[in-house]
Amino acid sequence: MKYLANLLNSSEILDEKRIPSELYGRLLGDMQRLMVLCHAITSYGCASQSEIVLVYCALNYTSEHNGENITVAQAAKHLGAQMSSVSRTLRSLTQKGYVERYSDPNDRRTVRIKVTQAGENELKKVLRHIFSLIDKAMCDFSDEEIKMMIELHGRFVNAISNAVLSERRTDKCLRSKT
């Protein structure tokens, strides 16, 4: 963390700072710890973190689209991932029996993903574990503090997401002009 503190106190990476340097350091440190914890938590079962996220994405899509299964391309777009990464994860999920891939009857070039009962059961097992850990972690917080934390966390995630999407659109526009 000392490297980051020194870097944040210089003008090498931030010319104008909206919040004090030490808070950027805490935020990045907390985000790093959270990523490590998320990986450990979602790797609780037999599936990897990327596999659990893909199964969740597919089930969520199916639920929101009247039972229609997600395509590989749609999954990649929803996850902000490369098609090759999604395909690699799908191969592993298929071998484990958590998903089935099939050609769309209306367009044979399109591949759809169907989560099997085993895949749904694996996701439920991981979610039970996550919710149990969250309940344990939140036992010292009041209901009001929990609501406030969830609200602020949601706003922060949305703000970061919007900033990343805006940056991607700008980068795409700049690349297309060259």
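Given the structure is predicted, the values throughout are model-derived calculations rather than measurements.

Structural notes on the overall build of the chain
Step number 1: Counting secondary structure elements, the chain contains seven helices and two strands.
Step number 2: Starting at the N terminus and walking to the C terminus, you meet the elements of the chain as α-α-α-α-α-β-β-α-α.
Step number 3: Taking all 178 residues of the chain together, the buried fraction comes to 21%.
Step number 4: For the chain, the accessible area works out to roughly 13,100 Å², and carbon and sulfur atoms hold 55% of it.

Side note on the environment of Tyr 56
Step number 1: Relative to the assigned elements, Tyr 56 resides in helix H3 (residues 49-64).
Step number 2: Separated by 64 residues in sequence, Tyr 56 and Glu 120 place their C-alpha atoms 8.3 Å apart.

Re the pairing of strand E1 (residues 99-104)
Step number 1: Inspection of the sheet shows E1 paired to strand E2 (residues 107-115) by six bridges, in the antiparallel sense. Residue pairing across strands places Ser 103 opposite Val 111, the latter belonging to E2.
Step number 2: What sits between E1 and E2 in their antiparallel hairpin is a turn of two residues.

Looking at the nonpolar core
Step number 1: Counting 21 residues, the largest nonpolar core has Ile 70, Val 86, Leu 90, Val 99 and Ile 113 as its most contacted members.
Step number 2: Listed by contribution, the elements that provide at least two residues to this core are H3, helix H4 (72-79), helix H5 (83-96), E2 and helix H6 (117-137).
Step number 3: It is H3 that contributes the most residues to this core, six residues altogether.
Step number 4: Not counting chain neighbours up to four residues away, the residues in contact with Val 99 comprise Val 55, Leu 90, Leu 93, Thr 94, Ile 113, Lys 114, Val 115 and Thr 116.

What to know about the side chain of Thr 62
Step number 1: Relative to the elements of secondary structure, Thr 62 occurs in helix H3.
Step number 2: The class for Thr 62 is buried, based on a relative accessible area of 18%.
Step number 3: Polar side-chain contacts of Thr 62 include one of 3.2 Å to the side chain of Asn 69.
Step number 4: Look past the residues within four positions of Thr 62 in its chain and what remains in contact with it is Gly 67, Glu 68, Asn 69 and Ile 70.

Section: a nonpolar patch on the surface
Step number 1: Together, Leu 27, Leu 28, Met 31, Phe 156, Val 157, Ile 160 and Val 164 give the surface a local cluster of nonpolar side chains, amounting to about 500 Å² of exposed area.
Step number 2: Breaking the nonpolar patch down by element, the ones donating at least two residues are helix H2 (21-42) and helix H7 (143-177).
Step number 3: If one sorts the elements of the nonpolar patch by residue count, H7 sits on top with four residues.

Let's talk about the packing of H4 against H5
Step number 1: Interaxial distance between H4 and H5 falls to 9 Å at its minimum, and their mutual angle equals 115°. Regarding the angle of H4 to H5, the classification is roughly perpendicular. When you trace H4 past H5, the crossing you get is right-handed. Of the residues in H5, those in contact with Val 72, Ala 73, Ala 75 and Ala 76 of H4 are Met 83, Val 86, Ser 87 and Leu 90.
Step number 2: Here the contact of H4 with H5 is composed, by residue class, of seven nonpolar, one polar and no charged.

As for the pattern of salt bridges
Step number 1: Overall, the coordinates contain seven salt bridges when judged by the stated rule.
Step number 2: Note that Glu 122 is salt-bridged to Lys 125, the shortest N-O span being 3.5 Å. One end of the pair, Glu 122, and the other, Lys 125, are both in helix H6, three residues apart, so they sit about a helical turn from each other.
Step number 3: In this structure Glu 122 comes out as buried when scored by relative accessible area, which is 6%.
Step number 4: By relative accessible area, which is 31% here, Lys 125 ends up partly exposed.
Step number 5: In the salt-bridge network here, residues are joined through shared partners; they are Glu 68, Asp 104 and Arg 112.

Some remarks on H6
Step number 1: Between its first and last C-alpha atoms H6 spans 30 Å; for 21 residues at 1.5 Å apiece the expected length is 30 Å, and the two agree.
Step number 2: Those residues of H6 that fall on the buried side of the exposure criterion are Gly 119, Glu 122, Leu 123, Val 126 and Ile 130. Along the axis of H6, the buried positions cluster into a sector of 95°, meaning they face one direction only. Of the exposed residues in H6, those oriented more than 90 degrees away from the buried face are Gln 117, Arg 128, Asp 135 and Lys 136.

Conventions adopted
Residues numbered from 1 in each chain as written. Predicted model: local features only at pLDDT ≥ 70, side-chain atom pairs only at ≥ 80, totals over all residues. Heavy atoms only, no water. Helix = DSSP H or I, 4+ residues; strand = E, 2+ residues; numbered from the N terminus. Buried < 20%, exposed > 50% of the residue type's maximum accessible area, 1.4 Å probe, protein only. Areas by Shrake-Rupley, 256 points an atom, 1.4 Å probe, with all protein chains shown as cover. Pairing = 2+ DSSP bridges. Core = buried A, V, L, I, M, F, W, Y, C linked by side-chain atoms within 4.5 Å. Contact = heavy atoms within 4.5 Å. Polar contact = N/O pair within 3.5 Å; in protein donor to acceptor, adjacent residues only side chain to side chain. Patch = residues over 30% accessible without salt bridge, like charges linked within 9 Å, V, L, I, M, F, W, Y side chains within 5 Å. Salt bridge = Lys/Arg side-chain N within 4 Å of Asp/Glu carboxyl O. Axes fitted to C-alpha atoms, helices over the stretch in contact; angles between N-to-C directions. Parallel < 35°, antiparallel > 145°, perpendicular 65-115°, else oblique. Left-handed = near helix turned anticlockwise from the far one by under 90°. Nonpolar A, V, L, I, M, F, W, Y, C, P; charged D, E, K, R; others polar. Expected span 1.5 Å × (residues − 1). Arc of directions from axis to C-beta.

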